[in-house]
Amino acid sequence: MQSVETMTEQILYWLSLDMQVRALAERLLDRFAVTVGDLPASAAHHHAEPGGLYRHSLEVALKALEEFEGNMKMEQRSDGSVDSFRSSRNRSRWQYATFIAALCHDLGKLFELDVRGKGETWCPLDEPYAQFGRRTKKPVASWRPEREHGAHAKLSSFLMHHILSRADITYIGLPRFVHLAACLSDGHSGESASPLAQTVSRADQASVEQAQPAIAAQPNNPVSLFLQALQELIENGTLGVNTPGAQVYVEGDKAAVVVPVAVAQARERLMARQIKLPPNTNLYNMLRNARLVEADQTGRSVRKIKLQGSQGPISLSALILPTDKVVPKQILSTLPPTHFEIDTEPAPEATPVVEG
C-alpha cells in the first residue's frame, strides 16, 4: 500500500508539466487536507480508518490522472473545435479539472458525519473540519443513523467553497468549470454522458476494490466468517475433501468449493451462532473483489470443474479459492490425491448473475 506522501508526490508529478498547475495543486491539497482532516471514508466498508477519506480521495485522484494521461488525442469536431475532454488543446486545464473532480468526489460524506466537541456540533458548510477541531479540542465523530446510502454523492459541490480558490477557477476556465460542477452533481454515476464523470467513477471503483483484501481480512467480515466456517466444517468432517461425493476438491494451491451445497452448509453453521451471511451473489462478489476467488474472463466467480467420479466423468459448479484459505493446514498431508480441470465455459449458476 502506497503512503499518502508517495501518492501526493505522484499526483504532483503528473501535474508538473505546467509548474503553475503544480503550485495550484499544492495549495489545493493543503485546503483539502484541512477540510477533511482525519475523518474516515465509511463506517465499516472501505477506508474506514482515521484519515481514510483523505487516503481514498488521493487514490481516486491519482488513478484518474493516470487514466487521463493515457486518453489524450487530437480531436476535431464539425465546427472545427478541438477543445474537449480527450483532446490536446487546453490539456493541462482539463487535467487539473480531472484532478479536482476526483479528489473532491466524496466531500459530501462530511454531511453524513455527526462531529461534536465542547457542546458544539460541526457544520461542514461553516468551516473546515481541522478548524473546528482546533477550537473544540479532540472532537468525536460518528456516522448519522439517518444517512441514505449513496446520497452523499450529490452533496460534494456544496463544500467546494472550502477547496477552490479564485485562482483555480480562473485557471481551468469556465468551460472546464461547468464540466467539473456537472461531474460533482452527477455523483458517482458511471453511466453519465460526461467523460470526466466516467473517469472519476472508474477511479473511485478501482480505489474501493483495492481496499477489499484488507476489508476481507477483518475477523468480523462476511468473507472471513465464511472461510472460517469452511475450515471448521472440513476439520469436523462435515465437508468431505477429495473423496467420492465430496464438497471440496483440493489440488495443489487451488481448492474447488462446490456450490451451492458447501455455501449452504457454511451458512447454516454461522446461523447457529446468529451470524447471517449475505445472499450468494453478494458473497461471491465479495470473494472476487477481495481477490480470493479465481473468476473467469467475464468476471464470473462460479466456475465449472470436471473430475473423474466412480461412475465416470462428472461436472460440478465451484468457487476456486486458495487452498490455504479453505483447508486447515494440519489435514492437508492426510488428503488423498485428486485431479480436476477448470472449464473455460461459464457455470450455469453464474450465467444470469450480473456481478459488480
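Enquirer: Which residues make up the sheet that holds strand 2 (residues 120-121), and what are the values?
Expert: What the three strands build is an open sheet, ordered 2-1-3; its pairing is antiparallel. Edge positions in the sheet fall to strand 2 and strand 3 (140-143), since each of these pairs with one other strand and no more. Sheet contacts for helix 5 (residues 129-136): strand 1 (113-117) and strand 2; angle to strand 1, the most-contacted strand, approximately 30°.

Enquirer: Describe the nonpolar core, with residues and values.
Expert: Generally speaking, soluble globular proteins have nonpolar side chains that are buried together. Ranked by size, the top nonpolar core spans 49 residues in total, and within it Y96, F99, I100, L103, C104, L107 and L110 carry the most contacts. Going through the elements one at a time, helix 1 (4-15), helix 2 (19-36), helix 3 (52-69), helix 4 (91-103), strand 1, helix 5, helix 6 (166-186) and helix 7 (195-216) are the ones with two or more residues in this core. Here the element with the most residues in this core is helix 3; it accounts for eight residues. In this structure, F226, A290, V293 and V326 belong to the second largest nonpolar core, which totals 33 residues.

Enquirer: Please give an account of the packing of helix 2 against helix 6 that cites residues and values.
Expert: Helices that pack against each other are described as a pair by the angle of their axes relative to one another and the distance between those axes. At a closest axis distance of 10 Å, the pairing of helix 2 and helix 6 adopts a crossing angle of 140°. Here helix 2 is positioned oblique relative to helix 6, judged by the angle of their axes. Viewed along their axes, helix 2 and helix 6 form a crossing whose handedness is left-handed. Mapping the contact onto sequence places Q20, V21, L24, L28 and R31 in helix 2 and A167, D168 and Y171 in helix 6. For the contact of helix 2 with helix 6, the residue count by class is five nonpolar, one polar and two charged.

Enquirer: So, the packing of helix 1 against helix 2: which residues are in play, and what are the values?
Expert: Running from amino to carboxyl end, helix 1 crosses helix 2 at an angle of 150°, the nearest separation of the two axes being 8 Å. Relative to helix 2, the element helix 1 is oriented roughly antiparallel. Handedness of the helix 1/helix 2 crossing: right-handed. Facing T8, E9, L12, Y13 and L15 of helix 1, the residues of helix 2 in contact are V21, R22, A25, E26 and L29. The class makeup of the residues in the contact of helix 1 with helix 2 is six nonpolar, one polar and three charged.

Enquirer: Give me the packing of aromatic side chains: which residues, what numbers.
Expert: Taken as a whole and judged by the stated rule, the model has five aromatic pairs. Ring centres of Y96 and Y171 lie 6.0 Å apart, and the angle between their planes is 80°; this geometry places the pair in the edge-to-face category. Remark: Y171 occurs in helix 6 and Y96 occurs in helix 4; sequence separation between them is 75 residues. One exposure class covers both Y96 and Y171, and it is buried. Through a chain of ring-to-ring contacts, the aromatic side chains of Y96, F99 and Y171 assemble into a single cluster. Taking the ring centre of Y171 as reference, the NZ or CZ of R93 above it sits at 4.8 Å.

Rules of the game
- Residues numbered from 1 in each chain as written.
- Predicted model: local features only at pLDDT ≥ 70, side-chain atom pairs only at ≥ 80, totals over all residues.
- Heavy atoms only, no water.
- Pairing = 2+ DSSP bridges.
- Helix = DSSP H or I, 4+ residues; strand = E, 2+ residues; numbered from the N terminus.
- Contact = heavy atoms within 4.5 Å.
- Axes fitted to C-alpha atoms, helices over the stretch in contact; angles between N-to-C directions.
- Core = buried A, V, L, I, M, F, W, Y, C linked by side-chain atoms within 4.5 Å.
- Buried < 20%, exposed > 50% of the residue type's maximum accessible area, 1.4 Å probe, protein only.
- Parallel < 35°, antiparallel > 145°, perpendicular 65-115°, else oblique.
- Left-handed = near helix turned anticlockwise from the far one by under 90°.
- Nonpolar A, V, L, I, M, F, W, Y, C, P; charged D, E, K, R; others polar.
- Phe/Tyr/Trp six-rings, centres within 6.5 Å; stacked < 30°, edge-to-face > 60°.
- Lys NZ or Arg CZ within 6 Å of the ring centre and 35° of its normal.

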